[in-house]
Amino acid sequence: RPESWIATQQMGAFLSVAKGSAEPPIFLEIHYFGGANTSDSPLVFVGKGVTFDSGGISLKPSSGMDAMRADMGGAATICSAIVTAAALSLPLNIIGLAPLCENMPSGKANKPGDVVRAKNGKTIQVDNTDAEGRLLLADALCYAHNFNARAIVNAATLTGAMDVALGSAATGVFTNSSWLWTHLFEASILTGDRVWRMPLYEHYTKQVTECPLADLSNIGKYSRAGGACTAAAFLKEFVTAPHWAHLDIAGVMSNKDEVPYLRKGMAGRPTRTLVEFASRLSQDSHN
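As a convention, each chain's residues are numbered from 1 in the sequence order in which they are written. Where totals are concerned, whole chains, interfaces and linings use all residues; where local detail is concerned, this predicted model gives features only for residues with pLDDT of at least 70, and gives and counts side-chain atom pairs only at 80 or more. For side-chain calculations, the full set of non-hydrogen atoms in the structure is used, while hydrogens and water are omitted.

Enquirer: Which residues make up the overall build of the chain, and what values do they have?
Expert: Secondary structure follows DSSP: runs of H or I at least 4 residues long count as helices, runs of E at least 2 residues long count as strands, and numbering of each begins at the N terminus. Within the chain, the secondary structure is distributed over nine helices and 13 strands. A compact globule built from 287 residues should have a C-alpha radius of gyration of about 19 Å, and the chain, at 18 Å, falls within 12% of that. With the principal axes as the frame, the chain shows a C-alpha extent of 50 × 45 × 40 Å. Note on exposure labels: buried denotes an accessible area under 20% of the residue type's maximum, exposed denotes more than 50%, and partly exposed covers the range between, all computed with a 1.4 Å probe on protein chains only. Scored against the burial criterion, the 287 residues of the chain give a buried share of 54%. Contacts are assigned to residue pairs with any non-hydrogen atoms lying within 4.5 Å of each other. Restricting the contact set of the chain to residue pairs at least 6 apart, pairs at least 24 apart contribute 76%. Carbon and sulfur atoms make up 54% of the accessible area of the chain, which amounts to about 12100 Å² in all. Values of the radius of gyration come from C-alpha atoms, whereas the globule rule sets the reference at 2.2 Å times the count of residues to the power 0.38. Using a 1.4 Å probe, accessible areas were evaluated by the Shrake-Rupley method; residue-level cover was limited to the displayed protein chains.

Enquirer: Describe the nonpolar core, naming the residues involved and giving the relevant values.
Expert: Ranked by size, the top nonpolar core spans 50 residues in total, and within it Phe27, Val46, Leu97 and Phe234 carry the most contacts. Here the element with the most residues in this core is helix H4 (residues 133–144); it accounts for nine residues. Ignoring anything within four residues of it in the chain, the contact list for Val46 reads Ile78, Leu97, Leu137, Ala140, Leu141, Ala144, Ile152, Val153, Asn154 and Ala155. Ranked by size, the runner-up nonpolar core spans 28 residues in total, among them Ala151, Leu247, Ile249 and Val275. By nonpolar core we mean a set of buried residues, namely Ala, Val, Leu, Ile, Met, Phe, Trp, Tyr and Cys, connected to one another through side-chain atoms within 4.5 Å.

Enquirer: Would you mind going over the sheet that holds strand S5 (residues 114–117) in detail, with residue names and values included?
Expert: Only when DSSP finds a minimum of two bridges between them are two strands counted as paired. One open sheet accounts for three strands, arranged S5-S6-S10; its pairing is mixed. Single-partner strands in this sheet number two, and they are S5 and strand S10 (216–217). Two elements, strand S6 (residues 123–126) and S10, share two bridges in a ladder whose sense is parallel. If you follow Ile124 over to S10, its bridge partner there is Leu216.

Enquirer: Break down the side chain of Ser54 for me, citing the residues and quoting the values.
Expert: In this structure, Ser54 sits in the loop between strand S3 (49–53) and helix H3 (73–87). Residues adjacent in sequence count toward polar contacts only when both atoms are side-chain atoms; beyond that, a polar contact is any pair of N or O atoms within 3.5 Å, and within protein one must be able to donate a hydrogen and the other to accept it. Within the structure, Ser54 has its side chain in polar contact with the backbone oxygen of Asn103 (distance 2.7 Å). Each residue touching Ser54, except ones within four places of it in the same chain, is listed here: Leu59, Lys60, Met65, Asn103, Met104 and Pro105.

Enquirer: An account of H3 is needed here, citing residue identities and associated values.
Expert: The span expected for a helix works out to 1.5 Å for each residue beyond the first. When the terminal C-alpha atoms of H3 are compared, their 21 Å separation across 15 residues agrees well with the 21 Å that a helix rising 1.5 Å per residue should span. Inspection of H3 places Gly73, Gly74, Ala75, Thr77, Ile78, Ala81, Ile82 and Ala85 among the buried residues, and these make up the whole buried set. Immediately beyond the C-terminal end of H3, within one or two residues, lies Ser89, with a positive phi of roughly 55°.

Enquirer: Go over the packing of helix H7 (residues 202–209) against helix H8 (residues 227–236) with me, naming the residues and quoting the values.
Expert: Orientation of H7 relative to H8, taken along the N-to-C sense of each, is 75°, at an axis distance of 8 Å. The angle between H7 and H8 falls in the class roughly perpendicular. Only Cys229, Thr230, Ala233, Phe234 and Lys236 of H8 make contact with H7, whose side of the interface consists of Tyr204, Thr205, Gln207 and Val208. Lines fitted to C-alpha atoms define the axes here, with helix axes fitted over just the stretch in contact, and angles between the N-to-C directions of these axes take values from 0 to 180 degrees. These descriptions rest on fixed angle ranges, namely under 35 degrees for roughly parallel, over 145 for roughly antiparallel, 65 to 115 for roughly perpendicular, and the rest for oblique.

Enquirer: Residues and numbers for the pattern of salt bridges, please.
Expert: We define a salt bridge as a side-chain nitrogen of Lys or Arg found within 4 Å of a carboxyl oxygen belonging to Asp or Glu. Summed over all chains, the structure comprises 13 salt bridges. The structure contains a network of salt bridges with shared partners spanning Lys48, Asp71 and Glu132.

Enquirer: With reference to specific residues and values, describe the UniProt feature "domain: Cytosol aminopeptidase" (unreviewed entry) in the chain.
Expert: The feature "domain: Cytosol aminopeptidase" (unreviewed entry), as annotated in UniProt, sits at residues 128–135 in this numbering. Taken end to end, residues 128–135 comprises 38% helix and 0% strand; its first and last C-alpha atoms sit 11 Å apart. UniProt positions are given in the numbering used here, feature names are shortened, and annotations may be inferred rather than shown by experiment.

Enquirer: Quick one: what's the story with unusual backbone geometry, residue by residue and with numbers?
Expert: Across the junction of Arg269 and Pro270, the peptide omega takes the value 0°, indicating a cis bond. Positive phi, normally seen in glycine, also occurs at Ser89, with a value near 55°. With respect to the helices and strands, the residue Ser89 is situated in the loop between H3 and strand S4 (93–103). Ser89 sits in the exposed class, given a relative accessible area of 53%. Even without being glycine, Asn148 reaches a positive phi, approximately 50°.

This is how it looks when you write it as structure tokens:
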């Protein structure tokens, strides 16, 4: 979907990130129909697709910035999971959604303190332009609700705080559904690509909703404290579905020597777990 379509969908948060780059944004939508009926409620995957993240006006340090070519890891992971599900002919419907753009500093870029409006009408104060992934995901999650999903699962290299919390041992999972968590956790035991549940407390929600200029701030008011948790709390403000999970994959984005069967570099985790999760969901449909 081109920029004109994104604008008609009123995805103001997504467009605000994209406007800093000379490269136009794209909203990628993938449909796999493996279910008995095309009308069966699908599993919806949403992936953050920042194809390069400079941090924008809130510029990242130059050291290690080259790795931010992998800030589209969430989009790559969900696309890989859908392609694999199709190759395995899994008997369920899956929809993949990936907002794709660069986050660059320019004369048109978001500035700290700007207020933007998301697809659901909520206003967001952009206090840090390097907290851009949640702006893309906010609009994509709103759009995901159009599909009467069985579950919505988003994956994103969202926060450095997640890397600090768990390192490369496991993907952090924030979810409003114990049913969904159980399926993801059991899938991860089988694949070895582990997940670990993190809290979605109201404690964190208050830190993003107590905002002077808008409905929400894109960072917690205590800055670095609980950064992965406040990011998840921000996303929850754009979700009404009863079965939603946010996978923060920042810590598992790349592989050094921790996982011996993966090559060094960008890891593609937790694609295996998402595929196994989809397989389990398809078996549920048949039982």
